[in-house]
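Tertiary structure, described
Read off the chains here:
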There are 2 protein chains.
Amino acid sequence: MSLPHAILGLLNYRAMTGYDLKRDWFDRSMRFFWPADQAQIYRALERLVEHDWASFTVEAGGDRPNRKVYSLTADGRAELTHWLTTPAALPTVRDPLLVQLFCAADIADDDIARLLAATRAEHQARLDNYRRIQAQLPTLGSGKRLQLWQLVLGNGIERESSYLAWLDHALASFSGDPEPNGSRPTIALTTP
Amino acid sequence: MSLPHAILGLLNYRAMTGYDLKRDWFDRSMRFFWPADQAQIYRALERLVEHDWASFTVEAGGDRPNRKVYSLTADGRAELTHWLTTPAALPTVRDPLLVQLFCAADIADDDIARLLAATRAEHQARLDNYRRIQAQLPTLGSGKRLQLWQLVLGNGIERESSYLAWLDHALASFSGDPEPNGSRPTIALTTP
DNA sequence: AGCATATATATGTGTTATCATATATATGCA
DNA sequence: TGCATATATATGATAACACATATATATGCT
């Protein structure tokens, strides 16, 4: 049930339409740690209203389509506070690359190295993107909110950095070249 | 479509029933990077047969229920090789804790610290479990297969270690105590 | 004797997630 | 003029995942 709660959390910042939620939050930031498309957002809003966690008022939009502006009810605010202070289940890991490696005993080292290199490029791109966002974060908020956003972004940067370090370790053992030493952080991948 | 391919990869090791797949692979190792329950496995096997990537023979099981023993067809072997050498889409990140932190501006630091500490305990347990498995891995395989399994497990260990480092950083900024220095690896969570 | 567990497969159902399409109007650009 | 894009909501369809239950038999434990 994280999507409805995520939306509660965003509506707590300000009252919004489904369109606003998607454009201002899911397309920009939420998608990096909880993606949802338009259809999911509108259906989640319906469910929030059913639970009486949110309500909406219709604003006739002159030339534009009518806007359904959603805001939290008292129940919704209580539910949000409860959810925000209750530990959630850990995310399940589901990584196709690990499945591929697990089953790759019959694949040539060269092919494995190519697979790793291609994956590396995508993780590097992700990390670069996170760093670009990090550079402009301070212009988008301040105070505790900024602190929290930096923390969340920091998780992504840490995650991708460590994935890249692991990929480099893996690449070193499947490509002909010996592992260049000193350039990368050493990681503990062998039995202690 | 990773689950059918994962099963192709396992059937490539040896011909098996759905029950074997679950008991010997999904319950033990696959679940750490591609979980699937019994219903999903049996339905995936049906799909493999439809695609003509696998076929089965029925073994009358005397006292036990009949066994449908699945093995790869030539097409299935070709499909597996192709999949194993083709880069897959990166896993989507969907982490409830990050949603909670992103929306936690109105929550007291103490409550945030409690949330982080509870999550920390679960990630620590995961890491401990990975390390236990790592210690006994060499008894379960050898050669290239062992090398690959160590690599996959190393990914989990690296992932959880780095998540813990990030959590410690986060905890330090939300609990009263100043961050004890020197005990933890420094991570780059501030703008360069 | 009764109960849990193991072997083995099958199906029903609900929830989430993804993708596509429908509707209606306004603005800006080539 | 025409086409893409933005504003705004709604729904249909499918795939993937999760959870529960059904069936049938054997063994081992208390």
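Residues numbered from 1 in each chain as written. Chains lettered and ligands numbered in written order. Predicted model: local features only at pLDDT ≥ 70, side-chain atom pairs only at ≥ 80, totals over all residues. Heavy atoms only, no water.

1. Considering the packing of aromatic side chains
We describe a pair of aromatic rings using the distance from one ring centre to the other and the angle between the two ring planes. In the structure shown here, the tally under the stated rule is 16 aromatic pairs over all chains. Relative to Y70 of chain B, the ring of F56 of chain B lies with its centre 5.2 Å away and its plane at 50°, an arrangement referred to as tilted. Placement of F56 of chain B in strand β1 (residues 54-59) and of Y70 of chain B in strand β2 (residues 67-72) is noted, with a sequence separation of 14 residues between them. The partly exposed category is assigned to F56 of chain B, whose relative accessible area is 34%. A relative accessible area of 5% means that Y70 of chain B is categorised as buried. An aromatic cluster is present here, built from Y13, W25, F33 and W149 of chain A together with F102 of chain B joined pairwise through their rings. (Phe/Tyr/Trp six-rings, centres within 6.5 Å; stacked < 30°, edge-to-face > 60°. Helix = DSSP H or I, 4+ residues; strand = E, 2+ residues; numbered from the N terminus. Buried < 20%, exposed > 50% of the residue type's maximum accessible area, 1.4 Å probe, protein only.)

2. Points about the protein's contact with DNA strand D
Contacts to DNA strand D come from 23 residues, most closely from Y19, Q38, Y42, R43 and K68 of chain A. The protein-proximal atoms of DNA strand D, defined as those within 4 Å of the protein, are 58% sugar or phosphate. Take K68 of chain A: an N or O atom from its side chain is 2.5 Å from a phosphate oxygen of DNA strand D. Looking at the surface near DNA strand D, the elements that each hand over two or more residues are α2 (18-26), α3 (38-50) and β2 (67-72) of chain A together with α3 (38-50) of chain B. In terms of residue class, the surface near DNA strand D is made up of eight nonpolar, five polar and ten charged. (Near = heavy atom within 4 Å. Polar contact = N/O pair within 3.5 Å; in protein donor to acceptor, adjacent residues only side chain to side chain. Nonpolar A, V, L, I, M, F, W, Y, C, P; charged D, E, K, R; others polar.)

3. Things to note about the environment of I41 of chain B
Residue and element names in this part refer to chain B. Relative to the elements of secondary structure, I41 occurs in helix α3. Judged by relative accessible area, which is 0%, I41 ranks as buried. I41 sits 58 residues away from V99 along the chain, and the two C-alpha atoms are 31 Å apart. In this structure I41 touches I7, G18, L21, K22, F26 and A36, once residues within four positions along its chain are discounted. (Contact = heavy atoms within 4.5 Å.)

4. So, the protein's contact with DNA strand C
As a matter of local geometry, DNA strand C sits amid 22 residues, with Q40 of chain A together with Y19, Y42, R43 and K68 of chain B nearest to it. Sugar plus phosphate: this is where 57% of the atoms of DNA strand C within 4 Å of the protein reside. At 2.8 Å, a side-chain N or O of Q38 of chain B approaches a base oxygen of DNA strand C. At 2.8 Å, a side-chain N or O of R43 of chain B approaches a base nitrogen of DNA strand C. Secondary structure elements with two or more residues in the surface near DNA strand C: α3 of chain A together with α2 (18-26), α3 and β2 of chain B.

5. Things to note about the relation of the copies chain A and chain B
Least-squares fitting of chain A to chain B yields an RMSD of 0.0 Å, with the transformation described by 0.0 Å of translation along the axis and a rotation of 180°. Such values leave the two copies arranged in the relation of a two-fold axis. (Least-squares fit on C-alpha atoms with pLDDT ≥ 70 in both.)

6. A few points about the domain arrangement of chain A
All names here are of chain A. With domains assigned, chain A is organised as domain 1 (2-84) and domain 2 (96-174). Using only C-alpha atoms to locate each centre, domain 1 and domain 2 end up separated by 30 Å. Every contact between the two is made by four residues of domain 1 and, on the other side, six residues of domain 2. Between domain 1 and domain 2, the buried area comes to about 450 Å², and carbon and sulfur atoms account for 67% of it. Three residues, Y13, F32 and F33, lead the burial of domain 1 against domain 2; their summed loss comes to 86% of the area buried on that side. Where domain 1 touches domain 2, the interface holds zero salt bridges. At the boundary of domain 1 with domain 2, the tally comes to zero residue pairs in polar contact (both at pLDDT 80 or more). Residues that form the side of domain 1 that touches domain 2 fall into these classes: four nonpolar, no polar and no charged. (Domains from an automatic or database assignment. Buried area = accessible area lost by both parts, 1.4 Å probe. Salt bridge = Lys/Arg side-chain N within 4 Å of Asp/Glu carboxyl O.)

7. Observations regarding helix α4 (residues 74-84) of chain A
Every buried residue belonging to α4 of chain A is among G76, L80, W83 and L84 of chain A, and all of these are buried. In a view along the axis of α4 of chain A, the buried residues occupy a sector of 95°, so they form one face of it. The elements touched by buried residues of α4 of chain A are α1 (2-13) and β2 of chain A together with α5 (96-102) and α6 (109-136) of chain B. (Arc of directions from axis to C-beta.)

8. Structural notes on the pattern of salt bridges
It is possible for side chains of opposite charge to pair when their charged atoms get near one another. Summed over all chains, the structure comprises 22 salt bridges over all chains. E59 of chain A is the partner of R67 of chain A in a salt bridge, and the nearest nitrogen-oxygen pair spans 3.7 Å. A salt bridge links R23 of chain B to D24 of chain B; the shortest N-O distance between them is 3.0 Å. In this structure, a network of salt bridges that share partners links the residues R14, D20, R23, D24, E59 and R67 of chain A.

9. Brief notes about unusual backbone geometry
The phi dihedral of D52 of chain A is positive, around 60°, even though this residue is not glycine. Among the structural elements, D52 of chain A can be located in the loop between α3 and β1 (54-59).

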